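# Notes for the structure review
Next come the chains, spelled out residue by residue.
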Amino acid sequence: MCGGTAALAASASPTPPIGNWLTADHSAVIQVGPCGGQLCGRIVGIALKHQTDPMPVDWRGQPQCGEAILQTALVLNNSGASAWVGTVLDPRNGNVYQASIALDMSHHLRMRGYLGLPIFGQTQTWLPYNGQIPVGCKLPRAPG
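Report follows, based on the coordinates.

What counts and what doesn't
- Residues numbered from 1 in each chain as written.
- Predicted model: local features only at pLDDT ≥ 70, side-chain atom pairs only at ≥ 80, totals over all residues.
- Heavy atoms only, no water.
- Salt bridge = Lys/Arg side-chain N within 4 Å of Asp/Glu carboxyl O.
- Buried < 20%, exposed > 50% of the residue type's maximum accessible area, 1.4 Å probe, protein only.
- 1 Å grid on protein atoms, 1.4 Å probe; cavity = no way out; pocket = protein on both sides within 12 Å on 5 of 7 lines; lining within 4 Å.
- Points joined across faces, edges and corners; volume = space filled by probe spheres on them.
- Helix = DSSP H or I, 4+ residues; strand = E, 2+ residues; numbered from the N terminus.
- Nonpolar A, V, L, I, M, F, W, Y, C, P; charged D, E, K, R; others polar.

## A word on the pattern of salt bridges
A pair can form between side chains of opposite charge whenever their charged atoms are brought close. What the rule picks out here adds up to 3 salt bridges. Ionic pairing is found between Asp 58 and Arg 60, a salt bridge with its closest N-O pair at 2.7 Å. For Asp 58, a relative accessible area of 4% gives the class buried. Note that Arg 60 is salt-bridged to Glu 67, the shortest N-O span being 3.3 Å. Judged by relative accessible area, which is 52%, Arg 60 ranks as exposed.

As structure tokens, then:
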């Protein structure tokens, strides 16, 4: 009976990290939400040193505000556990990395970007962002 419970727990879907998240360097707020059967993240806030600074642009010269940078789908791994796995885009240079996202025990979003294998990557902790999402994405100053 206990073995059946453990198997059910291992195959349960992780809680989707839906919401607004402050990036690890506190430079942006990313809104993660459903998009089809996946989770996607887009830039909804950018911290500027001065309110009059121009909106940063991506590698194509387009404003970063509203840009989709994260796309993940729920997948089942070899051990039977499921995780949100997909890609993350660096809007500054257009580089796309493989990524996985999950909520940790403190309900922070853990985003791991990597090339090839997860061992060749970096994990960032994104904090919940409960502030106002400004029109035009301009955060008045770096939050945090």
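From this point on, the discussion continues.
## Quick word on the layout of surface pockets
Computed from the structure, the largest pocket encloses a volume of approximately 720 Å³. Residue lining of the largest pocket: 27 residues in total, with Asp 25, Asp 90, Pro 91, Arg 92 and Gln 124 positioned closest to the centre. Examining the composition of the lining of the largest pocket, we find that 4 residues originate from one element, strand β8 (residues 121–128), more than from any other. Class assignment for the residues of the lining of the largest pocket results in 17 nonpolar, 7 polar and 3 charged. Considered as a void within the structure, the second largest pocket measures approximately 170 Å³ in volume. Taken together, Pro 14, Thr 15, Ser 82, Ala 83, Trp 84, Ser 100, Ile 101, Ala 102, Leu 103, Arg 110, Arg 112 and Thr 123 make up the lining of the second largest pocket. Top element by residues in the lining of the second largest pocket is strand β6 (residues 96–103). It accounts for 4 residues. Broken down by class, the residue content of the lining of the second largest pocket amounts to 6 nonpolar, 4 polar and 2 charged.

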